[in-house]
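Remarks on the overall topology
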Amino acid sequence: MASIVETDAPTREIPQGTAYGRPLQQPDAALTQVGPGTPMGELMRRYWQPVLASRNVTTRPREVRILGEDLIIFRNGEGQPGLLYPRCMHRGTSLIWGHVEPDGIRCCYHGWKFAVDGQCIEQPCEPNPHLCRPEHRQPWYPVAERYGLVWAYMGPPERMPVLPRFDSLEPLEEGEDYLAFDNSLGSHGDMNGPDVVPYSWLHMNDNVMDPFHVQVLHTTFSGTQFVREFAVMPTVEFEEIDGGVIYKAHRDLEDGRHVNRVSTWVTPNVMCVPDVAMRPGRPNGIGFSVPVDDSHSRILMCMRTSLTPDGRRPMRGLEAEKFKPWHQRTVEERQDQPGDYEAQAGQGPISLHSEEHLVTSDKGVAMQRRALRRAMDTVAAGGHPPGVAFDDADATIHLPSGNYYSG
Ligand code: FES
Ligand SMILES: [Fe+2]
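Scoring rules and cut-offs
- Residues numbered from 1 in each chain as written.
- Chains lettered and ligands numbered in written order.
- Predicted model: local features only at pLDDT ≥ 70, side-chain atom pairs only at ≥ 80, totals over all residues.
- Heavy atoms only, no water.
- Domains from an automatic or database assignment.
- Contact = heavy atoms within 4.5 Å.
- Buried area = accessible area lost by both parts, 1.4 Å probe.
- Salt bridge = Lys/Arg side-chain N within 4 Å of Asp/Glu carboxyl O.
- Buried < 20%, exposed > 50% of the residue type's maximum accessible area, 1.4 Å probe, protein only.
- Helix = DSSP H or I, 4+ residues; strand = E, 2+ residues; numbered from the N terminus.
- Pairing = 2+ DSSP bridges.
- pLDDT = per-residue confidence, 0-100.
- Axes fitted to C-alpha atoms, helices over the stretch in contact; angles between N-to-C directions.
- Phe/Tyr/Trp six-rings, centres within 6.5 Å; stacked < 30°, edge-to-face > 60°.
- Lys NZ or Arg CZ within 6 Å of the ring centre and 35° of its normal.

Let us now look at the domain arrangement of the protein. A common way to report how large an interface is uses the accessible area buried once the components associate. Domains assigned within the protein are domain 1 (53-144) and domain 2 (164-406). Taking only C-alpha atoms, the centre of domain 1 and the centre of domain 2 are 35 Å apart. The partner domain 2 presents nine residues to the eight residues of domain 1 that form the contact. Buried area between domain 1 and domain 2, summed over both chains or domains, comes out near 690 Å², and the portion from carbon and sulfur atoms is 42%. If you sort the residues of domain 1 by the area they bury against domain 2, Ala53, Arg55 and Arg65 come out on top, with a joint share of 53%. Where domain 1 touches domain 2, the interface holds one salt bridge.

Written as structure tokens, this is what we have:
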């Protein structure tokens, strides 16, 4: 009987590096999980986080999800914003069906009324409707407004810092006002995808310390989405600053000038990118990559800008402004000219960090992640994370970003 083993078979080349038998890959849970009690969730909760643009917080209650928590946001008739746990403390229906009154929100079911600080101020079915017990308080979070944004503090009350200020947003110059966006679109003239993007906050956070993708994705791969100057591959230095990381991307331009483009990232999710039309000087805006939950996020932005007479932001002369808005583009058009949304959504809802291969050009990303780990350790050890202040005199965060020309 013939053997089935071909002992004298010619030597064949065995394919290497195939996909067969790969180990299961994992996200980095410490960096991406943001719910209560997780290391990153607790770090994020030590900072005021922007929730929505002020203009989108109205007397119509609205559901909002942030840091993995479902909440109701509204503005009472006196103009004060409120952020409450959604399930009415009486018997649990949602306050999304409530009606806003001058001093609070009234639950639809039995009419309990809650002030913006959660205190129950009326129980109309009770013998004495205004004699509410102090412990009848709907869970709530402190909110504040600045720069056209509504901010929330969702951390331990005794550790609540003062609301931050950012030097690139102050002072307003003659004719300027603040313009804020909460729909992930403001930065790229409607290039960026849906309001809430279906991926981890870390994708955008990584992106801001990645000066090289600007040359590839935004210029040589997809055509010029910003300006031609980005076609020059930059020489980049990354530097640690107090509580953050900056990069200095140097380019020698065709016209003989040299430009040093400085971007700043500050713990945990503050992004300050210079003007993408490469106008000289410091930028007039900042952004935040805010976790909605582990696998969704929202990019909020705020800028100082002089508005056109009809209240619109002037166009910035970017190539992106000639493109079709993201919502109108076909899949094929998005394949032909992908932008940040495609690249970041392409990384999946939560990237598989165990299969990444970080190289020299990812140094900024590695530095950010180290800074985040240090800050998480500080919080876990009972300390204050970098950048929080407890006195208004110390509240201003310095952002050295800008397009600096010479030659
Ligand atoms: S469930 Fe809200 S008042 Fe009864
Ligand atoms: Fe980008």
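Moving on, there is more to tell.
This part takes up the pairing of strand E19 (residues 296-306). For E19, a buried count of nine out of eleven residues is recorded, marking the element as mostly surrounded by other parts of the structure. The pairing of strand E12 (residues 176-181) with E19 spans six bridges and is classified as antiparallel. Residue pairing in the sheet places Asp177 in a bridge with Thr305 of E19. Pairing between strand E13 (residues 196-197) and E19: two bridges, direction antiparallel. For Val196, the partnering residue across the bridge sits in E19 and is Arg298. Linkage of strand E18 (residues 285-293) to E19, two consecutive antiparallel strands, is achieved through a turn of two residues.

The next point concerns the confidence of the model for the protein. Of all residues in the protein, 92% have pLDDT values of 70 or greater, and the mean over the chain is 93. Below pLDDT 50 for its whole length, residues 187-191 participates in 18 contacts with residues either more than four positions away or in separate chains.

Inspection of helix H4 (residues 212-221) places His213, Val214, Gln215, Leu217, His218 and Thr219 among the buried residues, and these make up the whole buried set. For H4, the secondary structure elements touched by its buried residues are helix H3 (201-207) and helix H6 (340-345). Phi turns positive, to about 85°, at Gly223, one or two residues after H4.

Our next topic: the sheet that holds strand E4 (residues 81-84). Across the sheet, three strands lie side by side as E2-E3-E4; this open sheet has antiparallel pairing. Bordering the open sheet on either side are strand E2 (62-66) and E4, each of which pairs with just one other strand. Ignoring which end each strand starts from, the neighbouring axes of this sheet average 35° apart.

Throughout the structure, instances matching the rule amount to eight aromatic pairs. Judged by centre distance (5.3 Å) and plane angle (85°), the ring pair of Trp151 and Phe288 falls under edge-to-face. A residue pair is termed long-range when its members are at least 10 positions apart, and Trp151 in strand E10 (residues 149-152) and Phe288 in strand E18 qualify at 137 residues. Judged by relative accessible area, which is 2%, Phe288 ranks as buried. Three or more aromatic residues link up through ring pairs in this structure, and these residues are Tyr147, Trp151, Phe166, Tyr178 and Phe288. Looking at Arg55, its charged tip hangs above the ring of Phe181, at a distance of 6.0 Å from the centre.

For the rest of this paragraph, the subject is the sheet that holds strand E1 (residues 49-53). The strands that make up a sheet pair up through hydrogen bonds in the backbone, lying either parallel or antiparallel. Reading across from one edge, E1-E10-E9 is the order of the three strands in this open sheet, with antiparallel pairing throughout. Both outer strands of the open sheet, E1 and strand E9 (143-146), are each paired with one neighbouring strand and no more. Pairwise comparison of adjacent strand axes, ignoring direction, gives a mean angle of 35° for this sheet. Here E1 runs beside E10; their pairing, made up of four bridges, is antiparallel. The residue of E10 that forms the bridge with Ala53 is Leu149.

Take the environment of Leu95 next. Inspection of the secondary structure assignment puts Leu95 in the loop between E4 and strand E5 (99-101). Assessed through its relative accessible area of 0%, Leu95 is described here as buried. Separated by 23 residues in sequence, Leu95 and Ile72 place their C-alpha atoms 6.9 Å apart. Non-local contacts of Leu95, meaning those with residues more than four positions away in its chain, are made with Pro61, Ile72, Leu84, Tyr85, Pro86, Cys88, Ile105, Cys107, Phe114 and Gln138.

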